[in-house]
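Chain by chain, the residues run as shown.
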Amino acid sequence: MTRRSAWLFPGQGAQRRGMGRELFDRYPDAMAAADRLLGFSVRELCLGDAAERLTDTRYLQPALFVVNELTRRACAAREPAPDYLAGHSLGEYNALLAADAFDFETGLALVARRGELMGRATGGAMTAVVGPGAARIVDLLAEAGIDDVDLANLNSTEQVVLSGPAESLRRAAGAVTAAGAGRCVPLRVSAAFHSRYMADAAREFAAFLAGFELRDPRIPVIANVTARPYRPGEVGRLLAAQVHSAVRWSESMAHLRSRGVDRVVEQGPGRVLTGLWDAAVKDAANGSAAQPRPAAGSAPAPAATAAALDGPPTAVRAAPAGLAPAVSAPAAPAAPAGLASAAPAPVPAVPVLAVPVPAVPVPAVPVPAVPAPAAPAPAVPAAAPAAGVEPSPYGGRAAGGTARTVSGPDAGGPAGVAPERLGSAAFRADYGVRYAYLAGSMYKGIASTELVARMARAGLLGYFGTGGLRTERIEAAIATLRAELGPDGGFGMNLLHALHDPPLEEATVRLFLRHRVRFVEASGFTQPTRALVLYRLSGAHRDGIGRAVAPNRLLAKVSRPEVATAFMEPAPEALVRGLLADGLLTAAEAEAGRALPLAGEVCAEADSAGHTDAAVAYTLMPATTGLRDRIVAERGYPDGIRVGAAGGLGAPESLAAAFVLGADFVVTGSVNQCTPQAGTSDAVKDLLAQADVQDTGYAPAGDMFEIGARVQVLRRGTLFAARANKLYQAYRQYDGLEAIDAKLRRTIEDGWFHRELEQVWKETREYYLRVGRPQEVERAEQDPRHRMALVFRWYFVHSTRMAMHGDPAERVNYQIHTGPAIGAFNRFAAGTALADWRNRHVDAVAEALMAGAARVLQDRFSSLAR
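Summarised in this report is the structure supplied together with it. Fair warning: this is a prediction, and the values are worked out from it, not measured in the lab.

**Description of the packing of aromatic side chains**
Part 1 of the argument: Applying the stated rule across the entire model yields 20 aromatic pairs.
Part 2 of the argument: Seen in terms of ring centroids, F705 and F792 are 6.3 Å apart; in terms of plane orientation they differ by 80°. Their pairing is edge-to-face. A residue pair is termed long-range when its members are at least 10 positions apart, and F705 in the loop between β22 (696-700) and β23 (710-714) and F792 in helix α29 (residues 784-805) qualify at 87 residues.
Part 3 of the argument: Residue F705 is classed as buried on the basis of its relative accessible area, which comes to 0%.
Part 4 of the argument: Residue classification places F792 among the buried positions, given a relative accessible area of 0%.

Here it is in structure tokens:
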């Protein structure tokens, strides 16, 4: 008989502090890629773990995946390739990576998303049953009338793991103990993993997987779900099913034995799987069953069996919504030459997920949080990619010349457009994100720390909304994000132009520099300011080959060509000289800065929420990219300038159009305000979720009231826009509060402000004195018109505060900055889970829009090619 070997990869539970210590220095490129994609240091997590994150699934799973892979690489350098591969739960991803089903970065993306979904799951528990009676567990559960517990792991004839409601597991443990079948050990987990209770997570993961190109394994990999090798085209489907199905490990080991495997090598920390292999060998020698099975012809097995062993879940319970009927696995393949004809037990039907990529404009489910890295191109010869879509460096062929197959229904498409390939690869690398997609800021912390942290954990980047906040609040937000994301976590902060308070603007920048905030979004600026130059040029230098580089990434939102030009040019020399004279910049920083654009990223903001010039994307984008091309050619900037698109991005078609217009990245805004993570009231979110594309209007901007700047706000359900415009008309018409018409004054005091104007002035005066701005009070007491402006601006602060607090008595005064993008997203999400804003997690919105945009482009390219 031909002797065969298998490599086995452990899953969660094999981790230990110090794992990988001897490997990290040997593979610096892999470590750098992992740290960049994950947003934290794998080395620090494994060797130090001061924050004890190795107990957190979100961090543990990708870290263990990396250690397993480095162990495999070290082994591959000294041993021949195995005949088979298998991995326990998480380890299955390492087995598929070793079989070239995907690359290292794709595997990290999948594992990180899986860990995030499992870490987010709550409710339920798991219990290990250890002892010689473990094989009787199915009968014991049936006798006890327990039908809501599933078999999660079938590790050996003497070790199984149950998953289900905590109370039911306590009953199961009692039944096992009473029968003398073994001992029960509750596991320290947060949810009922590998069971029917993970169906929702499985659906989310299926939608995520559908966006990847997954190749058939080049070495047979034993699937946890079937205990048989993957068939062509099954990778995505079975990985999704694995989330809510049992790990049939003992059967998998029996199958390897039946195929002549007599040697295994464990590729990862510990030797747990080696012990289970030895148990399988012992069972085979003793003629023991591979795992518990009900007797032939007996009554239907309980749900535990259905989820793991002898049939689809529908055999004993209705399949969860979104699960397709079971699909039978194939018969075992013919025995290889030199082996007697094996006759393994028939493979049971396998429940699989039927969650297609949502057809635009409707997403099927809330979609994943961790987007994928750039995927290889499809095998189908496609027309030349459109603007914004990168050609693949792989030429459409997998390693070894095998054409790729795309796993997942409707994945790929004729044009081969994948969401992770939209936009600029250089942008994704510089920002450490997996999609060329950012969540823009929303003032007063509406773009909250929770929102920004969730984006970061998803491999994306968001900007915290600092506008209208004191520096103490901003500093507290930075501290929160650092604590949640670690020292290497990626996040950005907004810098809103402080027209009336330049010292605040500069103090905010100094705060960013002190805390090493590397990503700043500048909004509301009409020209460069001293603070912007200080931020951008701090730390600028020449690298080893003489190129000018700056560690601080400044993204400028613009809506006018002349403003775009100012940000694309180097910092104004007068401002640079002033900062030099004050000792805030060094000569080296100033010199390097003269060879750099003030903003490395310029975002063309069309008609949007908040401050807006009501620009039209179809004209603004070409004007901005044309300026960029001319200035980069003239200046010879080493890294160029990336141009992004913002405003009106609420449907996949909008994002697709932005990329076709040449956007290197996109920035969303309004759609993120209607998410659970947004720092505003449920009342506001309820109103936003009902809005249509025509339900917005324009109002004066409170922070730029006197100059007539405008913001776009929600009009439906609130009278703020009408009242704010009336206040601005009064400001233009009257010389002071005393001159206001008596009827209008009564309307303002009794109907809008609910207090007399003099009382408002008293509150306003006290505020400016309290925050150290007495000059505003002095000016107002000398200039009646300025005093009127400050009193009217009180209403803008008040209306925002009432909206954020959700005060029902003040609903008509709610000031809610939003653009028509929210109406477009509401239409896109209608009839799906995303119709309820409580399901619109900010990362799910990103995934839905980017996956949808890719699908739109695929469909359009296909129709144009016909």
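Having seen the model, we can carry on.
**Some words on the side chain of Q673**
Part 1 of the argument: If you trace the backbone, Q673 turns up in helix α23 (residues 670-673).
Part 2 of the argument: What Q673 contacts, discounting residues up to four positions off in sequence, is M442, I446, A678, T680, V684, K685, L688, I816, H817 and T818.

**Section: the sheet that holds strand β18 (residues 601-605)**
Part 1 of the argument: The parallel closed barrel is built from eight strands, whose spatial order is β11-β12-β13-β14-β17-β18-β20-β21. When the angles between neighbouring strand axes are averaged without regard to direction, this sheet yields 25°.
Part 2 of the argument: In the sheet, β18 pairs with strand β20 (residues 642-646) via five bridges, with the strands oriented parallel. Within β20, the position partnered with A604 by the bridge is A645.
Part 3 of the argument: Helix α16 (residues 502-514) contacts β13 (492-496) and β14 (519-523) of the sheet and is inclined by roughly 165° relative to β13.

**Topic: the packing of helix α3 (residues 57-76) against helix α5 (residues 104-120)**
Part 1 of the argument: At a minimum axis separation of 7 Å, α3 and α5 run at an interaxial angle of 150°. As summarised for this structure, α3 and α5 are arranged roughly antiparallel, according to the angle between their axes. As for how α3 packs across α5, the hand of that crossing is right-handed. Of α5, the residues touching α3 (which contributes T57, R58, Q61, P62, F65, V66, E69 and R73) are F104, G107, L108, V111, R114, G115, E116, M118 and G119.

**Some thoughts on the sheet that holds strand β3 (residues 125-130)**
Backbone hydrogen bonds are what pair the strands of a sheet, in a parallel or an antiparallel way.
Part 1 of the argument: One open sheet accounts for four strands, arranged β4-β5-β3-β6; its pairing is antiparallel. The sheet is open, and its two borders are formed by β4 (150-156) and β6 (183-186), each paired with just one other strand. Pairwise comparison of adjacent strand axes, ignoring direction, gives a mean angle of 20° for this sheet.
Part 2 of the argument: As paired strands, β3 and strand β5 (residues 159-164) are joined by six bridges and run antiparallel to one another. By the bridge assignment for β5, A128 is matched with V161.

**A closer look at the environment of T818**
Part 1 of the argument: As for its placement among the helices and strands, T818 is situated in the loop between α29 and α30 (821-829).
Part 2 of the argument: The sequence separation of T818 and T696 amounts to 122 residues, and the corresponding C-alpha distance is 7.2 Å.

**Looking at the pattern of salt bridges**
Part 1 of the argument: Summed over all chains, the structure comprises 55 salt bridges.
Part 2 of the argument: Note that R263 and E79 form a salt bridge whose closest N and O atoms lie 3.2 Å from each other. Of this pair, R263 sits in strand β8 (residues 261-266) while E79 is found in the loop between α3 and β2 (84-87), placing the two residues 184 residues apart along the sequence.
Part 3 of the argument: A relative accessible area of 39% means that R263 is categorised as partly exposed.
Part 4 of the argument: With relative accessibility at 22%, the residue E79 sits in the partly exposed group.
Part 5 of the argument: Ionic pairing is found between R594 and E573, a salt bridge with its closest N-O pair at 2.8 Å. Placement of R594 in the loop between α20 (587-593) and β18 and of E573 in helix α19 (residues 573-581) is noted, with a sequence separation of 21 residues between them.

So, how was this worked out
Residues numbered from 1 in each chain as written. Predicted model: local features only at pLDDT ≥ 70, side-chain atom pairs only at ≥ 80, totals over all residues. Heavy atoms only, no water. Phe/Tyr/Trp six-rings, centres within 6.5 Å; stacked < 30°, edge-to-face > 60°. Helix = DSSP H or I, 4+ residues; strand = E, 2+ residues; numbered from the N terminus. Buried < 20%, exposed > 50% of the residue type's maximum accessible area, 1.4 Å probe, protein only. Contact = heavy atoms within 4.5 Å. Pairing = 2+ DSSP bridges. Axes fitted to C-alpha atoms, helices over the stretch in contact; angles between N-to-C directions. Parallel < 35°, antiparallel > 145°, perpendicular 65-115°, else oblique. Left-handed = near helix turned anticlockwise from the far one by under 90°. Salt bridge = Lys/Arg side-chain N within 4 Å of Asp/Glu carboxyl O.

Just geometry here; none of it tells us what the structure is for.
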